[in-house]
Amino acid sequence: MSEKSIHQKNRHESESNFTGILEELGDFGRFQIFAYILLFLPVFLTNMYTLNFIFTAAEIDYRCRIGECEAPDAPFNSNETFLDYAMPPGQESCRRFSYTNTTGGECVASNFNHSHEIACNEFIYAGPEHTIVSEWDLTCPSNEWKITMVGTFNNIGQFIALPITGFFSDRYGRKTALIIGTVICGIFGIIKSFSVNYPMFLSLELLEMALGSGAYSACFVYGMEAVGASKRLLGSVLITSTYALGQSFYGLIAMWTKDWRNMIRCAYAPAFLLIFYFWLMPESVRWLLASGHYHRARRMIKKIAKVNRVTLSVDAQKILDEKVAGSDRLPVELSPETTKKNPYPLRTVLHSRILLWRVATCSFVWMTNAFVYYGLVLNSVAIGGDKYVNFILICLIELPAFVICYLIVDRAGRRITLSVSLLLAGLSCLCQLFLPTEGAEAVKLVLFLTGKFSITVSFTTLYLFTNELFPTELRHSLMATCSMMGRLGGIVAPQTPLLGKYVDFLPMTLFFSTAFISSLIILHYPETLNTTLPDTVQEAEKIGDNSKGLVGIWWDKIKRKDQRDHR
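Residues numbered from 1 in each chain as written. Predicted model: local features only at pLDDT ≥ 70, side-chain atom pairs only at ≥ 80, totals over all residues. Heavy atoms only, no water.

A. Focus on the overall build of the chain. Per the secondary structure count, the chain includes 26 helices and four strands. Across the 567 residues that make up the chain, the buried fraction comes to 55%. Considering only residue pairs separated by 6 or more positions, the chain has 79% of its internal contacts joining residues 24 or more positions apart. Accessible area for the chain stands at about 24,300 Å²; split by element, carbon and sulfur atoms hold 63% of it. (Helix = DSSP H or I, 4+ residues; strand = E, 2+ residues; numbered from the N terminus. Buried < 20%, exposed > 50% of the residue type's maximum accessible area, 1.4 Å probe, protein only. Contact = heavy atoms within 4.5 Å. Areas by Shrake-Rupley, 256 points an atom, 1.4 Å probe, with all protein chains shown as cover.)

Now the structure itself:
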């Protein structure tokens, strides 16, 4: 065996000692509180960026402008008397009758040729909203696809960003990944607000998401690695609650500005504050240890111990000193601080059937969650009533969902919570198929809120669950892989409002079907309740041996009862 192989083996065998050292620092002390306060801003901002298209590309009521009958700056009014003879019935948005100037240009019925329809080339929009739809006349069926394409390009960008961010985070650190990602979003977002045409806007939407949207996953991984096993659920709830607050705050910005350019500038300008995080935010200690940066890890551990007012045991200090001394004795090319991480994490997974199965099935569950989650958010603005209020309510319903998560996930286990919440989300979508097309807005809103509540519980649990299933050395890369596949659901979700115009029952049917299938897949996962975060592939493969959750316990009881009956 080569010297390098021996070094790698010894490093994996000793990483279980690091878990004990981290446990001595405390699960959620003053240092962790400080880290989570710093996480608030990037988490708060990144959610606004991933959903900005809901209002920047929002549809606005419009109609054809009849230049012969109204001034260029005439306000939107769908009850003008001349509309009865200037436009064909049921075609007031996009078609009009041609005009014949036979009586001196007067706006009278006889001046319109009712046997000759033409396409409108000017439109009047309902104020005071101003989105890219009114900016570049993205109206009528021929252009409706351009509106939904903005959301699709947004999610395609996220699809590209997640593996890039995962690779970057696992190699260069969680802190670096989340800071750079957020600042990049800020740069491209501000540039996007000065777009002069639709292709420029769409291109910047894609680039922004592709280069910066992975910042949230870096924030989440950082938060999970900062706390102990008993506080991971609390950390997850705090991060996702901040995410929901960012959503609802964006709804308030949209309600206040009602102009897509000002809306973007208000949301993106604070991203540049993240530059100061290079000096304010510490790096993840667990990442430093897993990456072999023992010098930096020792300094950080001593700092955390001082802030949390704990004293490291003699054994812990001895282990750290030995690792630092060991890395100093290695040749430069074998030093842990200079040895590069595996640039192809999926190649490692291919050698583990257990992890390969987890990645494959977890990817489908992520796809389902993203599809249902974004589908409900996007379709919520189409419910009758104030779309801003509906959106804010759909966002705020996540807060009680997080409270429920905090109360039940550590009692019921990850599997059962995830499975039941997915099933309830699917059923709430299924019930909407039995409501009348017109009216029943209050019932529709309740079902939307129920679905969003349930899928939020599912998504929160899934983020936590995914982090616990994979080892530190590959955690962000594999979580990014699953989340990247989830973006496929996000890519399709923006098309569901358009799909519903042609086949009204299909979106909710798809939401229910995928949620139901995923709820069954989850039952085959190992339970990670009260388990230590695995640092190596071997530790990750053993997850669930001693922690089964309610479903596993229930199944074991059945098997034991059968054994007693046979006796």
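There's more to say after this.
B. Representation of the packing of helix 2 (residues 30-50) against helix 9 (residues 215-226). Across the interface, helix 2 lies against helix 9 with an axial gap of 10 Å and an inter-helix angle of 165°. When the axis of helix 2 is compared with that of helix 9, the two are roughly antiparallel. At the point where helix 2 passes helix 9, the crossing takes the left-handed sense. Of the residues in helix 9, those in contact with Gln 32, Ala 35, Tyr 36, Leu 39, Pro 42, Val 43 and Thr 46 of helix 2 are Ala 215, Tyr 216, Cys 219, Tyr 222, Gly 223, Met 224 and Ala 226. (Axes fitted to C-alpha atoms, helices over the stretch in contact; angles between N-to-C directions. Parallel < 35°, antiparallel > 145°, perpendicular 65-115°, else oblique. Left-handed = near helix turned anticlockwise from the far one by under 90°.)

C. A look at the state of the cysteines. With the rule as written, the count across this model stands at two disulfides. Here Cys 64 pairs with Cys 120 through a disulfide, and the sulfurs are 2.0 Å apart. Of note, the bridge from Cys 64 to Cys 120 carries an S-S torsion of about -115° and is left-handed in sense. Taken together, the residues Cys 64 in strand 1 (residues 62-64) and Cys 120 in the loop between strand 3 (112-119) and strand 4 (123-125) connect sequence positions 56 residues apart. By relative accessible area, Cys 64 is classed as buried at 0%. (Disulfide = S-S within 2.5 Å.)

D. Quick peek at helix 2. Over its 21 residues, helix 2 extends 31 Å from the first C-alpha to the last, a length consistent with the 30 Å expected when each residue adds 1.5 Å. The largest bend in helix 2 is about 30°, located at Leu 39, with the proline Pro 42 one to four residues further on. The buried fraction of helix 2 amounts to 15 of the 21 residues, a majority that puts the element mostly inside the structure. (Expected span 1.5 Å × (residues − 1). Bend = angle between axes of the 7 residues up to and from the residue.)

E. Highlighting the pattern of salt bridges. Enumeration over the complete set of coordinates arrives at 13 salt bridges. Glu 205 serves as the salt-bridge partner of Lys 192, at 2.8 Å between the closest nitrogen and oxygen. Of the two residues, Lys 192 sits in helix 7 (residues 174-192) while Glu 205 sits in helix 8 (residues 198-212), which places them 13 residues apart along the sequence. Just as Lys 192 is buried, Glu 205 falls in that class too. As a salt-bridge pair, Lys 452 and Glu 398 come within 2.8 Å of each other at their nearest N and O atoms. Of this pair, Lys 452 sits in helix 21 (residues 441-469) while Glu 398 sits in helix 19 (residues 398-412), and the two are 54 residues apart along the sequence. With respect to burial, Lys 452 and Glu 398 carry one shared label: buried. Salt bridges sharing common partners tie together Arg 232, Asp 410, Arg 414 and Glu 468. (Salt bridge = Lys/Arg side-chain N within 4 Å of Asp/Glu carboxyl O.)

F. Layout of helix 19. Over its 15 residues, helix 19 extends 20 Å from the first C-alpha to the last, a length consistent with the 21 Å expected when each residue adds 1.5 Å. At Cys 405, helix 19 shows its maximal bend, which comes to roughly 30°. Restricting attention to buried positions, one finds in helix 19 the residues Glu 398, Ala 401, Phe 402, Cys 405, Val 409 and Ala 412.

G. Fine view of a nonpolar patch on the surface. On the surface, a nonpolar cluster with roughly 950 Å² of combined accessible area is contributed by Ile 180, Ile 187, Ile 191, Phe 272, Leu 273, Ile 275, Phe 276, Phe 278, Trp 279 and Leu 280. One can find Trp 279 in helix 12 (residues 277-280). Assessed through its relative accessible area of 67%, Trp 279 is described here as exposed. (Patch = residues over 30% accessible without salt bridge, like charges linked within 9 Å, V, L, I, M, F, W, Y side chains within 5 Å.)

H. Expanded view of the packing of aromatic side chains. Evaluation of the coordinates by the stated rule reveals 22 aromatic pairs. Ring centres of Tyr 216 and Tyr 243 lie 4.6 Å apart, and the angle between their planes is 50°; on these two criteria the pair is classed as tilted. You can see Tyr 216 sitting in helix 9 and its partner Tyr 243 sitting in helix 10 (residues 232-257), a full 27 residues away along the chain. Between Trp 366 and Phe 459, the aromatic rings sit 5.6 Å apart at their centres with planes inclined by 70°, giving edge-to-face as the arrangement. (Phe/Tyr/Trp six-rings, centres within 6.5 Å; stacked < 30°, edge-to-face > 60°.)

I. Spotlight on the confidence of the model for the chain. Model confidence for the chain is summarised by a mean pLDDT of 79, while 84% of its residues fall at 70 or above. Of the regions scoring below 50 in pLDDT, residues 1-14 engages in 17 contacts with residues more than four places distant in sequence or in other chains. Between residues 546-553, whose pLDDT stays under 50, and residues either more than four places distant or in other chains, the model counts 18 contacts. (pLDDT = per-residue confidence, 0-100.)

J. Fine view of the environment of Ile 191. Among the secondary structure elements, Ile 191 is positioned in helix 7. Given the relative accessible area of 39%, Ile 191 is considered partly exposed. Measuring from C-alpha to C-alpha, the distance between Ile 191 and Ile 264 comes to 9.7 Å, with 73 residues separating the pair along the chain.

K. The side chain of Arg 174, seen in detail. In this fold, Arg 174 is placed in helix 7. Polar side-chain contacts of Arg 174 include one of 2.5 Å to the side chain of Asp 170. Here Arg 174 is in contact with Ser 169, Ala 218, Val 221, Tyr 222, Glu 225, Glu 283, Ser 284, Trp 287, Thr 472, Arg 475 and His 476, once residues within four sequence places are set aside. (Polar contact = N/O pair within 3.5 Å; in protein donor to acceptor, adjacent residues only side chain to side chain.)

L. Quick look at the environment of Val 237. As for its position among the elements, Val 237 is in helix 10. A residue is classified by how much of its surface remains accessible, and Val 237, at 9% relative accessible area, is buried. Beyond its immediate sequence surroundings of up to four residues, Val 237 is in contact with Phe 402, Cys 405 and Tyr 406.

M. Focus on the nonpolar core. The biggest cluster of nonpolar side chains holds 122 residues, and the ones touching the most others in it are Tyr 49, Ile 66 and Leu 178. With 13 residues, helix 17 (residues 353-380) is the single largest residue contributor to this core. Once you skip the residues sitting within four places of it in the chain, Leu 178 turns out to touch Leu 39, Pro 42, Ala 215, Ala 218, Cys 219, Tyr 222, Leu 274 and Met 281. Val 285, Met 300, Ile 301 and Val 324 belong to the second largest nonpolar core, which has 18 residues in total. (Core = buried A, V, L, I, M, F, W, Y, C linked by side-chain atoms within 4.5 Å.)

N. Layout of unusual backbone geometry. Its identity is not glycine, yet Asp 137 carries a phi of approximately 50°, on the positive side. Phi is positive for Lys 258, close to 55°, though the residue is something other than glycine. Along the chain, the position of Lys 258 falls in the loop between helix 10 and helix 11 (260-268). Among the residues examined, Lys 258 registers a relative accessible area of 22% and is labelled partly exposed.

O. Representation of the side chain of Ser 193. Its location among the elements puts Ser 193 in the loop between helix 7 and helix 8. A polar atom in the side chain of Ser 193 sits 3.0 Å from the side chain of Arg 265.

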